[in-house]
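Observations on chain architecture
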Amino acid sequence: MVDDQDGSSFDPVKPPTTETSRPDLQGLVSGVCPSSTEASPSPSVEGNGLLSLPWEMVARIASHLPAQCVITVLPKVCQALGNVGKDSTAWQLRAHRLTGSRVGFPVGPREDFDWPNSCLEMEQLITCWADQADWAARQARQDDEERGRDGQEPEPRGDGAPGAEGQEEEGGLDVEGVGVAAQEVAFGVHDVMDVAMEGEDEEMQLDRGGNPHAVAREEMEERPEEALMEGERNERALFDAMEGREGAADGVDHPEDLADPRRQRDAGEEPSRSPSPPPALECISLASGHIAQVNSVLLVGGEGAVCASGSRDRNVNLWDLREGGTLQRRLGGQGLFSTHRGWVWCLASRGPMLASGSFDSTVRLWDLEAGGAEKGLIMARAAVLCLSCQTDVLLAGTFDKRVSIYDTRVAEPLVKSLRLHSNAVMCLAADDQYIVSGSKDRTVVIYDRRAGKALKKLRLSSYLLSMSYSGSEVWAGDNRGMLHAFSMQAGVLKPLSQFDVGHTSLVTGIHKSPGSLYTCSSDCTIKVHLPCAPPRTLCTLHHQTGVNGLSVEAGVLAVASGDMCVEVWRARK
């Protein structure tokens, strides 16, 4: 709720729920609406309609309407009211009313910022996820009350017990041109990732200061021996060397943290409880498609109707979300018992093409319009850790410290292989001209494809694992649970700020749009924020196991988890 200056209260994000509650815009402006040739309404228009009021008052009234109404409904009434949606100042005031006056928004450059869509996204985010948070809190309180009546201890709601602390030594050995097994030995299972990085004269030193979170290795899950395929142990060793899983640091209480509404209940009959109104979102669990951890998830098709998931069982599955989450197909090439011969680590798509990257040092291409038929195979030199699809090329970051550019339309797809880092490339973001890459060597590099050269290298005190590029902003999550925001204009990558949003371990996934920010972590949490400075956390979802990645499309959220399932959150129908 937002308090107006005159003391009245209104909710800028609560949409009307009944026909009678909607403003009769046509009746208000009947007989006084200017013709389509009139650029703006005149305060002197005669009549008793809305447009007879001073324009400032009309704009003030419109500010109480949902952004969806201002964008889509008012222009259909008449051109004059349609002009309300063209007032940039009004949208900026609305945005700051949503985020709060004491925060910065947007975090990056204001030039050419999409104010209307940012307000629309924030209002929808608040409506869905704030209600979800309230519902989850009510469910948690009811569960605790029931346990209290039964004489049971309430379940703890921490972010997980910290693991054993440890350090690794910085891996600097050159492992080009060798296989995965040799890379495991050269890289070492106990490489240091969190020692302080010394500054260099020609590089920019960024240090967030303060004591870092305690570093611990996350205990790898155990699987039955019969489920382990050939080479599984080698892939685990490579994963340990590349990823450096960390346990939770000392717990910090965050008021937005919520108990998982889907946590396991005690065996027995469900006790009676007072009914609670359903939340705005529903959660669909896709739990029967994989037999190992799901590493990557991707919503494709533009409407959040199809979900692709890649797993350590070496398969990529396609799910049809329109039918409640049914397994549509398991992708596989000719002569293959699985999609890949190694862990599937990353996914990317552009139009009808889906790309999957694996520890078997290949990228496989799939045609979604042909039902997921195999479209091509790209042989890389090392394990593929991240992918990015652009209009004309496919980008791949690999364990051998390289960023490779491929043209998938030709028989020999490799265009260029770039050695921009001194360690494994963990994340990528790009547009039609620039490539931004983050590496385990704690550097971020921006590369100009047209000029054919690296423009800038930034050195951080931690390394980035996930990255999202939106407008003129690049957001990334690091191995210590921090978020990093950069501005990106005309090839200049500028660090803006670092934020602690409550994650205590690896930030494994991040999605940023003009009005939303989603993050997930191996600390078993998923967080939904407004993308201001500092981010305003609307909801924290707790998971049973670590969360390995996320994807957001058309308001649908899909997350990849360590318990062999994919969870999809979407608006309740």
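As a starting point, this report considers the structure included with it. Being a predicted model, the structure only gives us computed values, none of them experimental.

**Overview of the overall build of the protein chain**
Across its full length, the protein chain carries nine helices and 31 strands. When each of the 573 residues of the protein chain is scored for burial, the buried share is 55%. Summarising the internal contacts of the protein chain: among those between residues at least 6 apart in sequence, 55% fall at separations of at least 24.

**Let's talk about the sheet that holds strand 30 (residues 556-561)**
Hydrogen bonding along the main chain pairs the strands of a sheet, whether they run parallel or antiparallel. As summarised here, the arrangement of the four strands in space is 4-31-30-29, forming an open sheet in which the pairing is antiparallel. The open sheet is flanked by strand 4 (281-286) and strand 29 (547-553), the only strands paired with a single partner. Strand-to-strand, the axes of this sheet are offset by a mean angle of 20 degrees, without reference to chain direction. Of the pairings in the sheet, the one linking strand 30 to strand 31 (residues 566-571) comprises four bridges and is antiparallel in character. By the bridge assignment for strand 31, Val559 is matched with Glu567.

**What about the sheet that holds strand 24 (residues 492-500)?**
Pairing is antiparallel across the open sheet formed by four strands, whose spatial order is 21-22-23-24. Only two strands of the sheet have a single neighbouring strand rather than two, namely strand 21 (464-470) and strand 24. Mean inter-strand twist for the sheet, computed between neighbouring axes without regard to direction, equals 20 degrees. Examined bridge by bridge, strand 22 (residues 473-478) and strand 23 (residues 482-489) share five bridges and lie antiparallel to one another. Looking at strand 23, one finds that Val474 is bridged to Phe486.

**Things to note about the packing of aromatic side chains**
Any pair of aromatic rings gets described here by the distance separating the centres and the angle formed by the planes. Evaluated as defined, the whole model comprises nine aromatic pairs. Ring geometry for Phe105 against Phe113: centres 5.5 Å apart, planes inclined by 85 degrees, an arrangement best described as edge-to-face. Judged by relative accessible area, which is 3%, Phe105 ranks as buried. Phe113 sits in the buried class, given a relative accessible area of 16%. Plain terms: the ring middles of Trp129 and Trp569 are 5.8 Å apart, the flat faces sit at 45 degrees to each other, and that makes the pair tilted.

**Let's talk about the pairing of strand 9 (residues 344-350)**
Among the seven residues that make up strand 9, five are buried, leaving the element largely enclosed by the rest of the structure. Between strand 9 and the antiparallel strand that follows it, strand 10 (residues 353-358), lie two residues; Gly351 among them carries a positive phi value of about 60 degrees.

**Points about the pairing of strand 11 (residues 362-367)**
The side chains of a regular strand alternate, first on one face of the sheet and then on the other. Counted residue by residue, strand 11 has five buried out of six residues, so it is predominantly covered. As defined by bridge partners, strand 10 adjoins strand 11 across five bridges and the pair is classed as antiparallel. Among the inter-strand pairings, Met353 is bridged to a residue of strand 11, identified as Asp367. In this structure, the hairpin formed by strand 10 and strand 11 is closed by a connection of three residues, where Ser361 is found at a positive phi of approximately 65 degrees. Sheet topology note: the strand 11/strand 12 (residues 373-379) ladder contains six bridges and is antiparallel. Directly across from Thr362, in strand 12, lies its bridge partner Met379.

**With respect to the environment of His503**
Within the secondary structure, His503 sits in the loop between strand 24 and strand 25 (507-513). Residues His503 and Asp523, spaced 20 residues apart in sequence, show a C-alpha to C-alpha distance of 6.7 Å. A polar atom in the side chain of His503 sits 3.4 Å from the side chain of Asp523. Within polar-contact distance, the side chain of His503 engages the side chain of Thr525 at 3.1 Å.

**Quick notes on the pattern of salt bridges**
A full pass over the atoms with the stated rule returns seven salt bridges. Measuring nitrogen to oxygen at the nearest pair gives 2.9 Å for the salt bridge that ties Glu282 to Arg570. One end of the pair, Glu282, is in strand 4; the other, Arg570, is in strand 31, and 288 residues separate them in sequence.

**Description of the nonpolar core**
Counting 44 residues, the largest nonpolar core has Leu81, Trp129, Tyr518 and Leu557 as the members making the most contacts within it. Contact partners of Leu557, with chain neighbours within four places excluded, come to Trp129, Leu299, Tyr518, Ile526, Leu550, Ser551, Val552, Glu567, Val568 and Trp569. Judged by nonpolar contacts, the second largest core, of 15 residues, contains Val444, Ile446, Phe486 and Leu493.

**A few points about unusual backbone geometry**
Here the amide bond leading from Phe105 into Pro106 is cis, since omega sits at -5 degrees, within 30 degrees of zero. With respect to the helices, strands and loops of the structure, Pro106 is situated in the loop between helix 6 (88-99) and helix 7 (115-149). Ala533 connects to Pro534 through a cis peptide bond whose omega is 0 degrees. Among the secondary structure elements, Pro534 is positioned in the loop between strand 27 (525-530) and strand 28 (536-542). Even without being a glycine, Ala490 presents a positive backbone phi close to 50 degrees. For Ala490, the position within the fold is in the loop between strand 23 and strand 24. Unusually for a residue other than glycine, Met564 sits at a positive phi of about 70 degrees. Structurally, Met564 can be placed in the loop between strand 30 and strand 31.

What counts, and at which threshold
Residues numbered from 1 in each chain as written. Predicted model: local features only at pLDDT ≥ 70, side-chain atom pairs only at ≥ 80, totals over all residues. Heavy atoms only, no water. Helix = DSSP H or I, 4+ residues; strand = E, 2+ residues; numbered from the N terminus. Buried < 20%, exposed > 50% of the residue type's maximum accessible area, 1.4 Å probe, protein only. Contact = heavy atoms within 4.5 Å. Pairing = 2+ DSSP bridges. Axes fitted to C-alpha atoms, helices over the stretch in contact; angles between N-to-C directions. Phe/Tyr/Trp six-rings, centres within 6.5 Å; stacked < 30°, edge-to-face > 60°. Polar contact = N/O pair within 3.5 Å; in protein donor to acceptor, adjacent residues only side chain to side chain. Salt bridge = Lys/Arg side-chain N within 4 Å of Asp/Glu carboxyl O. Core = buried A, V, L, I, M, F, W, Y, C linked by side-chain atoms within 4.5 Å.

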